[in-house]
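Descriptive analysis of the structure
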Amino acid sequence: MEEEQEQEQENNSTDETSRLKIKEDYISKLPYEVLAQILSIYPLDSGSKAVAIFTGLWNRPCIQHKGRTVKLQDFESIISSFLVNFDENNPLKKPRKLEFHFDRGSIVTASIGLNKKLNLDFSKGKQEFPRQFGWEIVLNTLDFAQPSPYPFSVKTLRLTSVNYLSCELVSSLINKFRYVETLIIDKCNGLRSLKVEGLAKLTNLIVRDCVDLKSVFIQTLELKTLRYGGPLCWFSLKNVMYLEDVMLDFECPGFIHLNHHLYNPLLRAIRDVKVLTFHGWMFKDVFGPLLFSKQNEEHFRFSKLEDLWWVDSCMEDHNINWLFCFLKFCTSLKRLFITIDPRSYSTPSAGDNERPIKVQKGQLRKLKMVKLEGFKEEEDAMLLKERMLEVFGAEPRVVDVSQGMHTRCLIRIPKRQAFGKEKESKKVKFHYKFVEEVEGNGGLCSKHPHMP
């Protein structure tokens, strides 16, 4: 009887495996056109998308290279046709990825994603020595009462590796877009000056890894988010009145003497932001001299800043002093994130010819949490906590995040409970220990919005 039951279970298992194999073979061997027709009947939810990804249909490119030289000037008509033929209701009916080969070694990969995303990527093409160029991008300027030339309205536009050959063609295409909300410009070698105009709708601008960029001019009425990663360059922002979220990930310029007044428009533009990412050296070498002027020191404040992410190479005394000098201008700060990255440019400590900076006392009444990442010594966190109490009269929750360890909270303990390093330390006034952080603390220990 047991043998019969085992044989029956084995047969059932074999039948189930066979059915699974048949299903798998059936789906994977279907022609793309048939599979696309089947999936297009149903809404594009997680199930149908999973099938599309599994079978390769989701990322299947439609490569168009007809064996003859196609001029780069045909770019606009080709991409326009790609957008016109795309069916938003049945996104799997037509290829959502196009790769086209032009003359002069140019290749563009255009892909349409969910949530009205369009990516135009020129990185596969022939990469010559980048010729420098200026680029003017105008978005959302058409009359909204007029019908759109494209049935597919782009909301997120990403432009990658655009060069001096393709920039004007791309501009001619995208200036017909009228609903772009997010613009991403990525890895455009040779781009020296960038001008972005968006009279409406454009709320998010991201520029990163454009290694030759020297100047950025922005004129947008509704811009709320600006994230920049690349070389230190000149910024001009016009009619930008609603900026809330800014990330300035400048690379070290490699020289000391700067014309600080060139960066005053940028400083004024970020004055009312709620979220900010900053490097320690940027405050010392770029914005510090502007803020330390008599007029700014008395009246300038980041009065709406709630979340600050401060990146530095270490937390030595002079680094802490520069941080505290900046915090004096952040009277509404609620959460402070400090990341120690040894790869970050280090501001040299005060030498014989440089007068040490003086830290004046201030108030941070709304500061609730300080999150530390990359601190090697526990004593550094304790000293920082005591300095904040001494300078600002603040005792926020101090949370430490170390690789391979649970999130820990630094608490002060009575002297009789002190032990180990806490007792041996001669620099700190009080006794502390780290305890594992508990969940459910109102989101105070969540990541900074700019953290990956």
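Before any of the text, the structure's been laid out above.
These lines cover the structure that appears in this document, whether it is placed above or below. (Residues numbered from 1 in each chain as written. Predicted model: local features only at pLDDT ≥ 70, side-chain atom pairs only at ≥ 80, totals over all residues. Heavy atoms only, no water.)

Topic: the layout of surface pockets
Just so we agree on the cut-off: Grid points spaced at 1 Å over the protein atoms alone were grouped into cavities, where a 1.4 Å probe fits but cannot get out, and pockets, open sets with protein on both sides within 12 Å along at least five of seven lines, with lining residues defined by an atom within 4 Å of a point. Grid points are joined across faces, edges and corners, and a volume is the space filled by probe spheres set on the points. Numbered from the N terminus, helices here are DSSP runs of H or I no shorter than four residues, and strands are runs of E no shorter than two. The nonpolar class holds Ala, Val, Leu, Ile, Met, Phe, Trp, Tyr, Cys and Pro. Asp, Glu, Lys and Arg form the charged class, and all remaining residues, Gly among them, are polar.
Of the voids in this model, the second largest pocket is the one considered here, and its volume is about 590 Å³. What lines the second largest pocket is a set of 26 residues, and nearest its centre among them are Gly 229, Met 247, Asp 249, His 279 and Trp 309. Of all the secondary structure elements, the ones that give two or more residues to the lining of the second largest pocket are strand S9 (204-208), strand S11 (225-231), strand S13 (245-251), strand S14 (275-279), strand S15 (307-312) and strand S16 (335-340). Across the lining of the second largest pocket, the residue classes tally to 12 nonpolar, seven polar and seven charged.

Some points on the side chain of Asn 321
Test applied: With a 1.4 Å probe rolled over the protein chains alone, any residue whose accessible area is under 20% of its type maximum counts as buried; one over 50% counts as exposed, and the rest are partly exposed. In protein, a polar contact means a hydrogen-donor-capable atom and an acceptor-capable atom, both N or O and within 3.5 Å, with residues adjacent in sequence counting only if both atoms are side-chain atoms; elsewhere, any N or O pair within 3.5 Å suffices. Contacts between residues were defined by any pair of non-hydrogen atoms, one from each residue, lying within 4.5 Å.
Locating Asn 321 in the fold gives a position in helix H9 (residues 317-327). Classification of Asn 321 by relative accessible area gives buried; the value is 16%. For Asn 321, the side chain forms a polar contact with the side chain of Arg 387, separated by 2.9 Å. Beyond its immediate chain neighbours, meaning those up to four positions away, Asn 321 contacts Ile 357, Val 359 and Arg 387.

Structural notes on the pattern of salt bridges
Here is the rule: The term salt bridge refers to a side-chain nitrogen of Lys or Arg lying within 4 Å of a carboxyl oxygen of Asp or Glu.
One pass over the full model with this rule turns up 12 salt bridges. Arg 158 is the salt-bridge partner of Asp 186, the closest N and O atoms lying 2.8 Å from each other. On the criterion of sequence distance, the pair formed by Asp 186 in strand S7 (residues 182-186) and Arg 158 in strand S6 (residues 156-160) is long-range, its members being 28 residues apart. You can call Arg 158 partly exposed: its relative accessible area is 29%. Taken together, the shared-partner salt bridges in this structure form one network comprising Arg 158, Asp 186 and Arg 208.

Here's the deal with the packing of aromatic side chains
Filter applied, for reference: Two aromatic rings from Phe, Tyr or Trp, using only the six-membered ring of Trp, form a pair when their centres are within 6.5 Å; if the ring planes differ by under 30 degrees the pair is stacked, by over 60 it is edge-to-face, and anything between is tilted. We call a charge positioned over a ring when the NZ of a Lys or the CZ of an Arg lies within 6 Å of the ring centre and within 35 degrees of the ring normal.
Considering all chains together, one arrives at 16 aromatic pairs under this definition. Judged by centre distance (5.2 Å) and plane angle (90 degrees), the ring pair of Tyr 228 and Phe 235 falls under edge-to-face. Relative accessible area serves as the criterion here: at 1%, Phe 235 is assigned to the buried category. Each ring, one from Phe 283 and one from Trp 322, has its centre 5.9 Å from the other, and the planes form 75 degrees; the classification is edge-to-face. One end of the pair, Phe 283, is in helix H7 (residues 280-291); the other, Trp 322, is in helix H9, and 39 residues separate them in sequence. Judged on exposure class, the residue Phe 283 and its partner Trp 322 are both buried. Members of the aromatic cluster, joined through ring pairs, are Phe 278, Phe 283, Phe 287, Phe 292, Phe 300, Phe 302, Trp 310, Trp 322 and Phe 326. Across the ring face of Phe 434, the terminal group of Arg 408 is positioned such that the distance to the ring centre comes to 4.2 Å.

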